[in-house]
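The residues making up each chain are set out below.
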Amino acid sequence: MTTTGRIHSIETCGTVDGPGLRFVVFTQGCPLRCLYCHNPDCRHPSDGKEATVDDLMHEIQAYASYIQFPGGVTVSGGEPLMQPEFVRELLKRCKESGFHTALDTSGYTDLEAAKPVLEYVDLVLLDIKSFDPDLYTTVTHVSIEPTLKFARYLNEIHKPAWIRFVLVPGLTDPTPNVEGLADFVATLKNVEKVEILPFHKMGEYKWEQLGYDYQLKDTQPPTSEVVDQTIHIFESRGLKAA
């Protein structure tokens, strides 16, 4: 019997969630409440739509000629590790079909439940929202500890990872916060690069439609100078950053 899960949407030829052209599956449900979330409609596990692994594989195979290596399939969210059995089966089937697989996650998960999923992941895109514990909780409304534990485990098993950090002026950009994250990431030998993602407001209209309080309506994207300064902090620790 095919495994069933709940997804928010798919993107057939994504270019920003891993290397190359990618088929991206956005799963439904997320335990975080990030202030800058551009997919707040992914929050609730019971929303979205039901999908089977068989149905998704049928759609993925239709794009096989476009998503060959270094492209592949990325499972994102929401938080995909809220549905470990569904995501594991999907990634397993993708690997059996020869696709490169990536998992985009906050790392806020039960590590023991995540381990079987990681067996079928070629690359982890790990979003670390901040490093200062109090600031992390302000941004996400959850603790940073599960994410740090997850990051250390990826390092322990030598799983290739990209670290993603959303740079939000007046929120995540304090120098001690960025330097703390850079110092931590520099201890992880499995990290291939760090992606600095400038804050944007493309999801603001969703907050309004859902009736949520969007606290960053007056926040503007970071300047190119601030982005460059942040990249330099990571590069000064010997990390590849962009």
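Residues numbered from 1 in each chain as written. Predicted model: local features only at pLDDT ≥ 70, side-chain atom pairs only at ≥ 80, totals over all residues. Heavy atoms only, no water.

*Asks:* Just give me the short version of the environment of Phe99, but keep the residues and values in it.
*Replies:* Tracing the backbone through its elements, the reader meets Phe99 in the loop between helix H2 (84–96) and strand S5 (100–105). Distance from Phe99 to Cys13, taken between C-alpha atoms, is 14 Å for residues 86 residues apart in sequence. (Helix = DSSP H or I, 4+ residues; strand = E, 2+ residues; numbered from the N terminus.)

*Asks:* Before we move on, can you summarise the layout of surface pockets with the specific residues and values?
*Replies:* Roughly 790 Å³ of volume is contained in the largest pocket. Among the elements of the structure, S5, strand S7 (161–167) and strand S8 (191–198) are those that each provide at least two residues to the lining of the largest pocket. Residue composition of the lining of the largest pocket, grouped by class: 13 nonpolar, eight polar and eight charged. (1 Å grid on protein atoms, 1.4 Å probe; cavity = no way out; pocket = protein on both sides within 12 Å on 5 of 7 lines; lining within 4 Å. Points joined across faces, edges and corners; volume = space filled by probe spheres on them. Nonpolar A, V, L, I, M, F, W, Y, C, P; charged D, E, K, R; others polar.)

*Asks:* Tell me about the packing of aromatic side chains, residues and numbers included.
*Replies:* Within the structure shown, the criterion is met by five aromatic pairs. For the pair Tyr63 and Tyr66, a centre-to-centre distance of 6.2 Å together with 50° between the ring planes defines the contact as tilted. Looking at Tyr63, the relative accessible area reads 27%, which means it is partly exposed. With 5.1 Å between their ring centres and 55° between their planes, Trp207 and Tyr214 make a pair best called tilted. The exposure class of Trp207 is buried, given its relative accessible area of 4%. Assessed through its relative accessible area of 4%, Tyr214 is described here as buried. (Phe/Tyr/Trp six-rings, centres within 6.5 Å; stacked < 30°, edge-to-face > 60°. Buried < 20%, exposed > 50% of the residue type's maximum accessible area, 1.4 Å probe, protein only.)

*Asks:* Lay out helix H8 (residues 224–235) with the relevant residues and their values.
*Replies:* Taking 1.5 Å of rise per residue, the twelve residues of H8 would be expected to cover 16 Å, and the 16 Å separating its terminal C-alpha atoms lies within 8% of that figure. All of the buried residues in H8 are Val227, Thr230, Ile231, Ile233 and Phe234. Viewed along the axis of H8, the buried residues span an arc of 155°, placing them on a single side of the element. Facing away from the buried surface of H8 by more than 90 degrees, the exposed residues are Gln229 and His232. On its buried face, H8 is in contact with S7, helix H6 (175–185) and S8. (Expected span 1.5 Å × (residues − 1). Arc of directions from axis to C-beta. Contact = heavy atoms within 4.5 Å.)

*Asks:* Hey, could you go over the sheet that holds strand S6 (residues 123–127) for me, with residue numbers and the actual values?
*Replies:* Ordered in space as S3-S1-S2-S4-S5-S6-S7-S8, the eight strands form an open sheet in which the pairing is mixed. Among the strands making up the open sheet, the edge pair consists of strand S3 (49–52) and S8. Between one strand axis and the next, the sheet turns through 30° on average, direction left out of account. Pairing between strand S2 (residues 22–27) and strand S4 (residues 72–76): five bridges, direction parallel. Paired with Phe26 across the two strands is Ser76, which belongs to S4. (Pairing = 2+ DSSP bridges. Axes fitted to C-alpha atoms, helices over the stretch in contact; angles between N-to-C directions.)

*Asks:* Before we move on, can you summarise unusual backbone geometry with the specific residues and values?
*Replies:* Note that the residue after Phe69, namely Pro70, is joined by a cis bond; omega there is 15°. Locating Pro70 in the fold gives a position in the loop between helix H1 (53–62) and S4. For the bond from Gly77 to Gly78, the omega torsion is 10°, close enough to zero to count as cis. For His141, which is not glycine, the phi torsion reads 70° and is therefore positive. Take His141: it is sitting in the loop between helix H4 (133–140) and helix H5 (145–156). Even without glycine at this site, His158 takes up a positive phi of about 60°.

*Asks:* Can you tell me about the nonpolar core, naming the residues and giving the values?
*Replies:* Judged by nonpolar contacts, the single largest core of 70 residues is most densely connected at Tyr36, Ile60, Leu90, Phe150, Val194 and Phe234. Excluding anything up to four places from it in sequence, Val194 contacts Ile163, Val185, Phe234, Leu239, Lys240, Ala241 and Ala242. (Core = buried A, V, L, I, M, F, W, Y, C linked by side-chain atoms within 4.5 Å.)

*Asks:* Explain the packing of H2 against helix H3 (residues 111–118) residue by residue, including any values.
*Replies:* Where H2 contacts H3, the two axes come as close as 8 Å, and the packing angle between them is 15°. Classified by the angle their axes make, H2 and H3 are roughly parallel. Where H2 crosses over H3, the handedness of that crossing is right-handed. Here H2 contributes Pro84, Val87, Arg88 and Leu91 to the contact with H3, which in turn contributes Ala113, Pro116 and Val117. Split into classes, the residues belonging to the contact of H2 with H3 amount to six nonpolar, no polar and one charged. (Parallel < 35°, antiparallel > 145°, perpendicular 65-115°, else oblique. Left-handed = near helix turned anticlockwise from the far one by under 90°.)

That's the geometry; what it means functionally is another story.
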